[in-house]
There are 2 protein chains.
Amino acid sequence: AAPAKPARLGLCAACHGETGMAQIPAAPNLAGQKLDYLREALRQYRDGRRNVPLMRTVIGPVSDADLDELARWYSAQTPSSQGNP
Amino acid sequence: AAPAKPARLGLCAACHGETGMAQIPAAPNLAGQKLDYLREALRQYRDGRRNVPLMRTVIGPVSDADLDELARWYSAQTPSSQGNP
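Below you will find a few notes about this structure. (Residues numbered from 1 in each chain as written. Chains lettered and ligands numbered in written order. Predicted model: local features only at pLDDT ≥ 70, side-chain atom pairs only at ≥ 80, totals over all residues. Heavy atoms only, no water.)

### Describing the overall build of chain A
For chain A, the helix and strand inventory stands at four helices and zero strands. Radius of gyration (C-alpha) of chain A: 12 Å, near the 12 Å computed for a compact globule of 85 residues. C-alpha extents for chain A along the principal axes are approximately 35 × 30 × 20 Å. The proportion of buried residues among the 85 residues of chain A is 44%. Within chain A, counting contacts between residues at least 6 apart in sequence, those at least 24 apart form 58% of the total. Counting every atom, chain A has about 4,500 Å² of accessible surface; 56% of that belongs to carbon and sulfur. Charge centroids of chain A, computed over 10 positive and 8 negative side chains, lie 3 Å from each other. (Helix = DSSP H or I, 4+ residues; strand = E, 2+ residues; numbered from the N terminus. Rg over C-alpha atoms; globule rule 2.2 N^0.38 Å. Buried < 20%, exposed > 50% of the residue type's maximum accessible area, 1.4 Å probe, protein only. Contact = heavy atoms within 4.5 Å. Areas by Shrake-Rupley, 256 points an atom, 1.4 Å probe, with all protein chains shown as cover. Lys, Arg positive; Asp, Glu negative; His and termini not counted. Charge placed at Lys NZ, Arg CZ, Asp CG, Glu CD.)

And the structure:
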């Protein structure tokens with residue numbers, strides 16, 4: 001079953017879209033992305049191994065449980081073809 | 001039109017698949033990913049800003065032109081639903 005819409009989805013959706021299809025060229029699509037990969041990427045943004053200040057700022061105050069909920073949400077979405085060139 | 005199959009696609013396909021659907025949980029799907037994002041990610045893997053030794057080793061000997069061809073290839077692929085949980 002699809003996960004419930006995460007409480008903190010609004011933080012992500014401006015750039016990544018509610019369903020994980022990116023709204024801007026510099027942001028990646030997340031729809032259907034591998035769950036393990038999303039979890040690891042979030043850890044790396046938070047601790048600075050991926051040094052992207054915007055992501056660190058946005059993720060900083062988000063609890064681990066909320067981050068996990070977001071990763072599950074995006075991983076469970078189906079990519080749409082609008083992301084293709 | 002879809003790009004021609006890149007000469008160096010074999011370097012990527014073991015983990016990311018020929019069409020960009022990941023073969024292992026730790027690797028991201030690349031099919032239909034934003035082109036600008038893929039190009040920047042490759043630069044970051046190469047220069048160590050994304051510190052993933054395997055990626056650095058694999059990308060190190062690949063020319064800029066070949067990297068660009070790979071980014072274009074994966075961006076032009078259509079995600080399949082097999083990547084979803």
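### A closer look at the relation of the copies chain A and chain B
Rotating chain A by 180° about the axis while translating it 0.0 Å along that axis superimposes it on chain B, leaving an RMSD of 0.0 Å. Each copy turns onto its partner about a two-fold axis. Using C-alpha coordinates, one finds that chain A approaches the rotation axis most closely at A:Arg50, a distance of 2.9 Å. Mapped onto chain B, 100% of the interface residues of chain A again fall at the interface, so both copies present the same surface. (Least-squares fit on C-alpha atoms with pLDDT ≥ 70 in both.)

### Concerning helix 1 (residues 9–16) of chain B
All names here are of chain B. Those residues of helix 1 lying buried are Leu9, Cys12, Ala13 and His16. Looking straight down helix 1, one finds that the buried residues subtend no more than 105° of arc, so they occupy a single side. Facing away from the buried surface of helix 1 by more than 90 degrees, the exposed residues are Gly10 and Ala14. On its buried face, helix 1 sits against helix 3 (53–59) and helix 4 (64–76). Two residues or fewer past helix 1, Gly17 is found with a positive phi of approximately 75°. (Arc of directions from axis to C-beta.)

### Describing the environment of B:Val52
Residues and elements named next belong to chain B. Looking at the secondary structure, you find Val52 in the loop between helix 2 (35–47) and helix 3. Accessibility expressed as a relative area gives 28% for Val52, which makes it partly exposed. For the pair Val52 and Arg39, spaced 13 residues apart in the sequence, the C-alpha separation amounts to 16 Å.

### With respect to the pattern of salt bridges
All names here are of chain A. By the definition in use, this model includes 18 salt bridges over all chains. Its salt-bridge partner being Asp64, residue Arg46 comes within 2.6 Å of it at the nearest N-O pair. In this pair, Arg46 is assigned in helix 2 (residues 35–47) and Asp64 in helix 4 (residues 64–76), connecting sequence segments 18 residues apart. By relative accessible area, Arg46 is classed as partly exposed at 26%. Taking relative accessible area as the criterion, Asp64 reaches 56% and is therefore assigned exposed. Connected via shared salt-bridge partners are Asp36, Arg39, Asp68 and Arg72. (Salt bridge = Lys/Arg side-chain N within 4 Å of Asp/Glu carboxyl O.)

### Examining empty space enclosed by the protein
All chains considered together, the criterion is met by one cavity of 30 Å³ or more. When its volume is computed, the largest cavity comes out at roughly 120 Å³. Surrounding the largest cavity, 14 residues form its lining, A:Asn29, A:Ala31, B:Asn29, B:Ala31 and B:Pro79 being those nearest its centre. Residues that form the lining of the largest cavity fall into these classes: eight nonpolar, six polar and no charged. (1 Å grid on protein atoms, 1.4 Å probe; cavity = no way out; pocket = protein on both sides within 12 Å on 5 of 7 lines; lining within 4 Å. Points joined across faces, edges and corners; volume = space filled by probe spheres on them. Nonpolar A, V, L, I, M, F, W, Y, C, P; charged D, E, K, R; others polar.)

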